[in-house]
Amino acid sequence: MSHNFSKEYELARDAIGSNDLPTAGDLGQVVTKLRDLMAADGFVDTSADGLTRLRKHVKNFSLTKMFTGKNAGEADNILLAAGAFGADDKKFTGGEAIALKASALKLLRHTYFVAKTGAKSLWVISVPKSYKDWPSPELKPLASVELSLKARLSEVREYFSSSNKKHMHEGAIFALAWVQKALIVLGTAGTDKGESMALVKRWFETSDTTEADLAKVVTDLTDGFKKIQAALNGNRLILTDYPPDRGTSDEKNTEAFVWNGAWKDSLKVVYIEQGFFARGANVLSGRDNWARIIVHELSHSEVGTDDYPRDNSYAWQGINPAHAKFNGNKAITNAENWAYFAADCAAALSEGERSTALQMT
């Protein structure tokens, strides 16, 4: 059975920290960088060059790579780095420990620090497109079969394209801008002749909401958006897909998700599925939709919002808090209301988009 990304990160961190990885020469320097990179609470941006150095060390020029998405030379280099061959006879040794070290290196070979001066930075994990799980469960069953292990390690065609990574980065930048605008609006609620409170009421006032309730809504939103802002500002946000979903209807029809409950990530992780990049599938489009998705998901993980009620939890279904389905001051619990409030505060909604989101189906 698979696990969340935080568990995969933990396994990789333990493997990279093992005492039997090389400590001398160029590879030893790479290993030292990777150990500095992987802190207990997530990747460290000041050591991100370790990823570039790792890719440089394991990459092997191959004309077939662009056509087949495979590179046998990389597989050999990863196994060499993992100590898969005897020091004397150079024979393949294999075993679970070797597979774990190889999977850690494979994970990091497909990990990217997507940064832009003066703007949001984040981490993107893009393990090979052919994988159906994280590298550790993908490679563990092959630990003692050299040819099979090499075949999986040779897969280099990644799940996310360069444009996908760019779009996710743009979404995070705009999400942060929206959240900052929302906090400005909330900071003036009650002191700007009602303009800020009108925005709050538009997305959160139900038929049961009293003035005291509204005051609490403003407090809850302020506290919540500060948590979301911290997640976006912390240089520890990780975007990845969930490999076990690949090829399923969940992958195709889902924009993104986060784990909660027993599977909740200890790291800051949002899982991006193919629906994230779909065109015309939601009320918003392009970078506004990418930002909406990120704010929506971070409200789940950082604030504990829900998708409520089921039939009207998304804007394309209608999320008008004045409707009876939201009675009991329940709009504040719905992640999509948080996202659209942030978009409205940032003047990112057209009249048509706002009207559609407030039209109940």
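Caption draft 1: Representation of the overall build of the protein chain. Scanning the protein chain for helices and strands turns up 15 helices and seven strands. The C-alpha atoms of the protein chain give a radius of gyration of 23 Å, which matches the 21 Å a tight globule of 361 residues would have. Taken over the C-alpha atoms alone, the protein chain extends approximately 80 × 35 × 35 Å along its principal axes. Counting across all 361 residues of the protein chain, residues that qualify as buried make up 53%. In the protein chain, once contacts between residues fewer than 6 apart in sequence are set aside, the share between residues at least 24 apart is 70%.

Caption draft 2: Inspection of helix 13 (residues 286-303) at higher detail. For helix 13, with 18 residues, the first-to-last C-alpha span of 25 Å sits near the 26 Å given by 1.5 Å per residue. Burial of helix 13 is extensive: 14 of the 18 residues sit out of reach of the surface. Positive backbone phi, approximately 90°, marks glycine 304, located one or two places after helix 13.

Caption draft 3: Inspection of the packing of helix 9 (residues 162-187) against helix 14 (residues 335-345) at higher detail. Between helix 9 and helix 14, the shortest axis-to-axis distance is 8 Å and the interhelical angle comes to 80°. In terms of orientation, helix 9 and helix 14 fall into the roughly perpendicular class. Along the contact surface, helix 9 presents Trp178, Lys181, Ala182, Val185 and Leu186, while helix 14 presents Ala339, Phe341, Ala342, Ala343 and Cys345. For the contact of helix 9 with helix 14, the residue count by class is nine nonpolar, no polar and one charged.

Caption draft 4: Representation of the side chain of serine 6 within the structure. Examined against the element boundaries, serine 6 turns out to sit in helix 1 (residues 5-16). Reaching out from serine 6, the side chain makes a polar contact with the backbone nitrogen of leucine 267 at a distance of 3.1 Å. Residues within four places of serine 6 in sequence aside, it is in contact with Asp265, Ser266, Leu267 and Val269.

Caption draft 5: Representation of the pairing of strand 4 (residues 122-125) in the model. Judged by which residues are buried, strand 4 turns out to be covered on both faces: Leu122 and Val124 on one side and Trp123 and Ile125 on the other are all buried. Relative to strand 4, strand 3 (residues 111-114) runs antiparallel, the two being bridged by four bridges. Pairing of valine 114 across the sheet is with leucine 122, part of strand 4. By the bridge criterion, three bridges tie strand 4 to strand 5 (residues 238-240) in an arrangement that is parallel. By the bridge assignment, isoleucine 125 is partnered in strand 5 with threonine 240.

Caption draft 6: Highlighting the packing of aromatic side chains. Scanning the entire structure with this criterion turns up 23 aromatic pairs. Centroid distance tyrosine 159 to phenylalanine 160: 4.9 Å. Interplanar angle 80°. Geometry classified as edge-to-face. Across this residue pair, the class does not change: tyrosine 159 and phenylalanine 160 are buried. Plain terms: the ring middles of phenylalanine 160 and phenylalanine 277 are 6.2 Å apart, the flat faces sit at 65° to each other, and that makes the pair edge-to-face.

Caption draft 7: Representation of the environment of glycine 286 in the model. Take glycine 286: it is sitting in helix 13. For the pair formed by glycine 286 and glycine 171, sequence separation is 115 residues and the distance between their alpha carbons is 8.6 Å.

Caption draft 8: Seen up close, the nonpolar core. Grouped together as the largest cluster of nonpolar side chains are 63 residues, with contacts concentrated most on Val200, Phe204, Leu221, Phe225 and Phe341. Where this core is concerned, the elements lending two or more residues are strand 3, strand 4, helix 9, helix 10 (195-204), helix 11 (211-233), strand 7 (269-272), helix 13 and helix 14. Top element by residues in this core is helix 9. It accounts for 10 residues. When sequence neighbours within four positions are dropped, the list of residues in contact with leucine 221 reads Leu186, Val200, Phe204, Ile332, Trp338 and Phe341. In this structure, Leu27, Leu54, Phe85 and Leu105 belong to the second largest nonpolar core, which totals 46 residues.

Criteria and thresholds
Residues numbered from 1 in each chain as written. Predicted model: local features only at pLDDT ≥ 70, side-chain atom pairs only at ≥ 80, totals over all residues. Heavy atoms only, no water. Helix = DSSP H or I, 4+ residues; strand = E, 2+ residues; numbered from the N terminus. Rg over C-alpha atoms; globule rule 2.2 N^0.38 Å. Buried < 20%, exposed > 50% of the residue type's maximum accessible area, 1.4 Å probe, protein only. Contact = heavy atoms within 4.5 Å. Expected span 1.5 Å × (residues − 1). Axes fitted to C-alpha atoms, helices over the stretch in contact; angles between N-to-C directions. Parallel < 35°, antiparallel > 145°, perpendicular 65-115°, else oblique. Nonpolar A, V, L, I, M, F, W, Y, C, P; charged D, E, K, R; others polar. Polar contact = N/O pair within 3.5 Å; in protein donor to acceptor, adjacent residues only side chain to side chain. Pairing = 2+ DSSP bridges. Phe/Tyr/Trp six-rings, centres within 6.5 Å; stacked < 30°, edge-to-face > 60°. Core = buried A, V, L, I, M, F, W, Y, C linked by side-chain atoms within 4.5 Å.

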